[in-house]
Amino acid sequence: MSRIGKLPISIPAGVDVNVNDNVVSVKGPLGELTQQIDPSIEVAIEDANIEVKRNGESKREKSMHGLYRSLINNMVEGVSKGYEIKLELVGVGYRAEVLPDNVLDLVLGFAHHTYLQLPSEVKVEALSDKRSNPIVTLKSHDKQLIGQVAAKIRSFRKPEPYKGKGIKFVGEELRRKAGKAAGK
């Protein structure tokens, strides 16, 4: 039995969960999410808990069991607490600014500004301080979407291993390399 899949998911107060024809919808104070479930997986709501069960013992069904339990758990946690990802812009002259209509304006050392239109589900804040690196904070109730947006922002200027310049997650440890002078 899947170690993750067999764990029940507790439903917090203020969160409503519905299961209709292999579609799980979760509604909470921060938003609403839906997920299509594989037909080999059963989802049942019992005593303020969500139980995820599989119908067979094939390798595919076992892998889907843990996957859908994690996806449903992320949905429940997202609509009740929400998710937050912080990105740090490391480099001289790197800046971030939030424009109207949820557009993020990034200055990353290129000859032009980089603009990114963010989905309406993702809220963004750009914090700039003279003494520290600019920090971009993303908040959303959808874990998949916020992770995808953060990866897209990071892809504009990945951290390089020599000076560490680029966009990195706050708290991320980068593997640094010595330059050419270290060989002498």
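Peer 1: Hey, could you go over the sheet that holds strand β4 (residues 31-36) for me, with residue numbers and the actual values?
Peer 2: Taken together, three strands build an open sheet; the order of strands is β2-β3-β4 and the sheet is antiparallel. A strand with exactly one partner marks an edge of an open sheet, and here the two such strands are β2 (16-20) and β4. This sheet shows a mean twist of 15 degrees between the axes of neighbouring strands, independent of strand direction. Bridge analysis of strand β3 (residues 23-28) against β4 gives six bridges, and the strand direction is antiparallel. Within β4, the residue paired with Val26 across the bridge is Leu33. Each of β3 and β4 is contacted by helix α1 (residues 59-80), which is oriented at about 170 degrees to β4, the strand it contacts most.

Peer 1: Describe in detail the pattern of salt bridges, supporting the description with residues and values.
Peer 2: This model, assessed by the stated rule, comprises six salt bridges. A salt bridge links Lys139 to Glu84; the shortest N-O distance between them is 3.7 Å. On the criterion of sequence distance, the pair formed by Lys139 in strand β12 (residues 135-140) and Glu84 in strand β7 (residues 83-90) is long-range, its members being 55 residues apart. The partly exposed category is assigned to Lys139, whose relative accessible area is 35%. Classification of Glu84 as partly exposed rests on a relative accessible area of 46%. For Lys168, the salt bridge goes to Glu88, with nearest N and O atoms at 3.9 Å. Pair noted here: Lys168 is in strand β13 (residues 166-169) and Glu88 is in strand β7, with a separation of 80 residues, a long-range link. Among the residues examined, Lys168 registers a relative accessible area of 16% and is labelled buried.

Parameters at a glance
- Residues numbered from 1 in each chain as written.
- Predicted model: local features only at pLDDT ≥ 70, side-chain atom pairs only at ≥ 80, totals over all residues.
- Heavy atoms only, no water.
- Pairing = 2+ DSSP bridges.
- Helix = DSSP H or I, 4+ residues; strand = E, 2+ residues; numbered from the N terminus.
- Axes fitted to C-alpha atoms, helices over the stretch in contact; angles between N-to-C directions.
- Contact = heavy atoms within 4.5 Å.
- Salt bridge = Lys/Arg side-chain N within 4 Å of Asp/Glu carboxyl O.
- Buried < 20%, exposed > 50% of the residue type's maximum accessible area, 1.4 Å probe, protein only.

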